[in-house]
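Below are the chains, spelled out letter by letter.
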Amino acid sequence: MRTSSLCISLLLAFAIKAQFNNPLAIPPALEEDTFHLVVDEQVHEFYPGVFTPTYGASAEYLGPTLILHKGDTARIQVQNELAQFTSMHWHGLHLPGEFDGGPPRMVMPGETWDVKFAVKNPAATYWYHPHPHELTAEQATFGVAGMIIVRDDAEAALDLPRTYGVDDIPLVVQDRRFLANGSFFFGPFGDSVLVNGTPRPFIELPAQVVRLRLLNGSNARVYNLGFDDGRSFPVIAGDGGLLSAPAPTDRLRLSNGERAEVLLDLTGMQGDSLMLMSFGSELPSTIPGSSYILWESSALSGIDFPVLRIRVAAPTATPVTEVPVALVPTSPPNISDVSVTRNKSFSGTGMAGMGQFFINGLQFNMDVVNDSVMLGATEIWRVENASSIAHPFHIHGGSFYLLDRNDNPVPAWEEGAKDVVLVEVAEHVRFMMKFEDYTTDGWPYMYHCHNLMHEDDGMMLQYVVVDPNVAVPAPTDSDELSVFPSPTQNILSFSAPFPVEELSVVDGLGREVMRQQVPKVPGGSIDMSSLRPGAYVLMLHGGARSARTVVMRN
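What counts and how
Residues numbered from 1 in each chain as written. Predicted model: local features only at pLDDT ≥ 70, side-chain atom pairs only at ≥ 80, totals over all residues. Heavy atoms only, no water. Helix = DSSP H or I, 4+ residues; strand = E, 2+ residues; numbered from the N terminus. Rg over C-alpha atoms; globule rule 2.2 N^0.38 Å. Contact = heavy atoms within 4.5 Å. Areas by Shrake-Rupley, 256 points an atom, 1.4 Å probe, with all protein chains shown as cover. Lys, Arg positive; Asp, Glu negative; His and termini not counted. Charge placed at Lys NZ, Arg CZ, Asp CG, Glu CD. Phe/Tyr/Trp six-rings, centres within 6.5 Å; stacked < 30°, edge-to-face > 60°. Buried < 20%, exposed > 50% of the residue type's maximum accessible area, 1.4 Å probe, protein only. Lys NZ or Arg CZ within 6 Å of the ring centre and 35° of its normal. Pairing = 2+ DSSP bridges. Polar contact = N/O pair within 3.5 Å; in protein donor to acceptor, adjacent residues only side chain to side chain. Core = buried A, V, L, I, M, F, W, Y, C linked by side-chain atoms within 4.5 Å. Axes fitted to C-alpha atoms, helices over the stretch in contact; angles between N-to-C directions.

K.L.:
In this structure, what is going on with the overall build of the protein chain? I would like to understand it.
P.N.:
When its secondary structure is counted, the protein chain shows four helices and 38 strands. Its C-alpha radius of gyration of 25 Å places the protein chain within 12% of the 24 Å reference for a compact globule of 554 residues. Put simply, 75% of the contacts in the protein chain that link residues at least 6 apart link residues at least 24 apart. Of the roughly 21,400 Å² that the protein chain leaves accessible, carbon and sulfur atoms contribute 52%. If the 35 positive side-chain charges of the protein chain are averaged to one point and the 63 negative ones to another, these points end up 4 Å apart.

K.L.:
It is not clear to me how the packing of aromatic side chains should be interpreted in this structure. Could you clarify?
P.N.:
Describing an aromatic ring pair means giving the distance of the ring centres and the angle of the ring planes. The full count for this structure, using the stated rule, is 23 aromatic pairs. When the centroid spacing of 6.2 Å and the interplanar angle of 70 degrees are considered together, the rings of Trp-381 and Tyr-463 count as edge-to-face. Taken as a pair, Trp-381 in strand S27 (residues 378-385) and Tyr-463 in strand S33 (residues 460-466) lie far apart in primary sequence, 82 residues in all. The pair formed by Trp-381 and Tyr-463 is uniform in burial state, with each residue classed as buried. The structure contains a cluster of three or more aromatic residues connected by ring pairs, namely Phe-346, Trp-381, Phe-393, Phe-400, Phe-431, Phe-435, Tyr-445, Tyr-447 and Tyr-463. The ring of Trp-381 has Lys-344 sitting right over it, with the charged end atom 5.3 Å from the ring centre.

K.L.:
Got a minute to help me understand the environment of Leu-403 in this structure?
P.N.:
With respect to the element layout, Leu-403 can be found in strand S29 (residues 401-405). Here Leu-403 falls in the partly exposed class, since its relative accessible area comes to 25%. Setting aside residues no more than four positions away along its own chain, Leu-403 makes contact with Ile-380, Arg-430, Phe-431 and Met-432.

K.L.:
Please clarify how the pairing of S27 should be interpreted in this entry.
P.N.:
One face of the sheet, then the other: side chains in a regular strand alternate in exactly this way. With respect to burial, S27 is a largely interior element, six of its eight residues being buried. Pairing of strand S24 (residues 338-350) with S27 involves eight bridges; the strand directions are parallel. Bridge pairing in S27 places Thr-341 opposite Ile-380. Bridge analysis of S27 against strand S31 (residues 428-434) gives seven bridges, and the strand direction is antiparallel. Residue Ile-380 lies in a different strand from S31, and its bridge partner there is Met-432.

K.L.:
Mind showing me how you'd approach the side chain of His-448 here?
P.N.:
With respect to the secondary-structure elements, His-448 resides in strand S32 (residues 445-449). A residue is classified by how much of its surface remains accessible, and His-448, at 0% relative accessible area, is buried. There is a polar contact of 3.2 Å between the side chain of His-448 and the side chain of His-131. Of note is the side chain of His-448, whose polar atom sits 3.2 Å from the side chain of His-396. Once residues within four sequence positions are removed from consideration, His-448 is found in contact with His-131, Ile-359, Pro-392, Phe-393, His-394, His-396, Glu-455, Met-459 and Met-460.

K.L.:
Looking at this model, I keep getting lost on the nonpolar core. Mind explaining?
P.N.:
Side chains that are nonpolar tend, in soluble globular proteins, to be buried together. Core analysis: the largest hydrophobic core is formed by 44 residues, its most contacted members being Leu-171, Leu-252, Leu-266, Val-307 and Ile-310. Those residues in contact with Ile-310 that lie beyond four places of it in its chain are Ile-203, Leu-205, Phe-227, Leu-264, Leu-266, Asp-272, Ser-273 and Leu-274. In terms of nonpolar packing, the next biggest core, distinct from the first, is built from 39 residues, Tyr-61, Leu-95, Val-107 and Tyr-128 among them.

K.L.:
It is not clear to me how the pairing of strand S6 (residues 73-80) should be interpreted in this structure. Could you clarify?
P.N.:
Pairing analysis gives five bridges linking strand S3 (residues 35-47) to S6, with the strands arranged parallel. Residue pairing in the sheet places His-36 in a bridge with Gln-77 of S6. In this structure, S6 lies alongside strand S8 (residues 112-118), joined through seven bridges in antiparallel fashion. When the bridges of S8 are listed, Arg-75 appears paired with Lys-116.

K.L.:
Would you mind going over the sheet that holds strand S30 (residues 420-423) with me for this structure?
P.N.:
In a beta sheet, neighbouring strands are held together by backbone hydrogen bonds and run either parallel or antiparallel to one another. Ordered by their spatial adjacency, five strands build an open sheet running S26-S33-S32-S28-S30, and the pairing between neighbours is mixed. Strands at the two margins of the open sheet, each flanked by one partner only, are strand S26 (371-374) and S30. Sheet twist, expressed as the average angle between the axes of neighbouring strands with direction ignored, equals 25 degrees. Two strands pair when backbone bridges link them, and S26 and S33 are joined in this way by four bridges, in the parallel orientation. The residue of S33 that forms the bridge with Met-374 is Val-466.

Here's what the structure looks like:
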């Protein structure tokens, strides 16, 4: 019986591998002075003779890989030819709020948005995708996304594979469901795996050390990646940069929006093959991708399934043959510089594609700033999950470093810079982040669940970064706002360019500590003597106009 079962398993494995006969598409890599991305309706042939309506970014499905260099200036034009508004978020990049591409940035049909920013991130794998409120999941499902690779001198000094498409391979892993007519079914889960938009893909890789850049581009599914022969493989980078040293593992759990770079040693394997798998049967029942809900599942949920077949060919002329012992020293913020600890709690009940979830009991309101962060501050955020399902937490504006999970050390492959972390049910994680370089100047950053269905349903809040020494105007009619004296011990006077009807004061944790009505006059005063010394945000409102600035109480 044991021999018979083994034979059946081997036959099934052979049958699965034999079906993976579609050459993996490699998105073109662009390295240009100005990138031009046209977001438009397209049609793509995923399966022979079946034509699927899609969206793309200068492509039928997905978009080109953008190559950036640390220290350069990136220039990108986003042209919207869709019938609905869109935006573009440069996920993981540290850039001004004006160009971050969150929901307040609406690129209307027919418009072109010019983006320009200094490349401050270290070498790593980032990505771009739309971020219009309530339309993100739909536009991403239809194919608007692409990779970004940042290069720098520290990474270039290492003996690593970096020949794009040969030994340095982008892998955007997604699940999609097709209707009988070939169209996409829009929902949380699919029953077909696409890698770079290719179903049942294979790739020929040289018999040497190769580099795989992995991105979970799915709406809700979490992947538990490994190889069919059970081999260990070193992770060399996470979301926001290289690790200090390779971190071996045989499983890599990748939630929505997370990236990782791994090395695969194929030396001596010419003529052989292996399969990249996702071991969904090993996922806890509260993680999307397990078999947790029958009526919101798919053929892939709760099972082990193949992702990519790798056929090993001859080595290149100049192969990388060894995995480096050391990489690049990581530089987390100094914990002694922490000035604020913020607590964020997920709550609510539902599933991967339906239900209602909250952050600190709140849902997204584009007109509400939920947190005010001081420029240059180092903070600890404690994120706890008291809801019914696991959530990937993502923050815009930079990268963070995980401190612990449930007060326990994190695995070595999570020790580098990150911008997404999966928080399981009844778990809490703590991370440390420094908010440097940019104030938001009226364009807030987001933090949210990166399950795109939950995000669109409002599981998202926003924060601003303010300089305590400089007035920060709102984007409407606030150039002439003035306050005096600041710092103050008690009475603070203000003068606004419009009749003020209401004012509020928010502390550094985003808590409203004062609110009062104003009799429709452009100037007035407030008594701040009851407040603790520190920085606050004064917000003034009158009709459709508003203004805000930072004030100091000493």
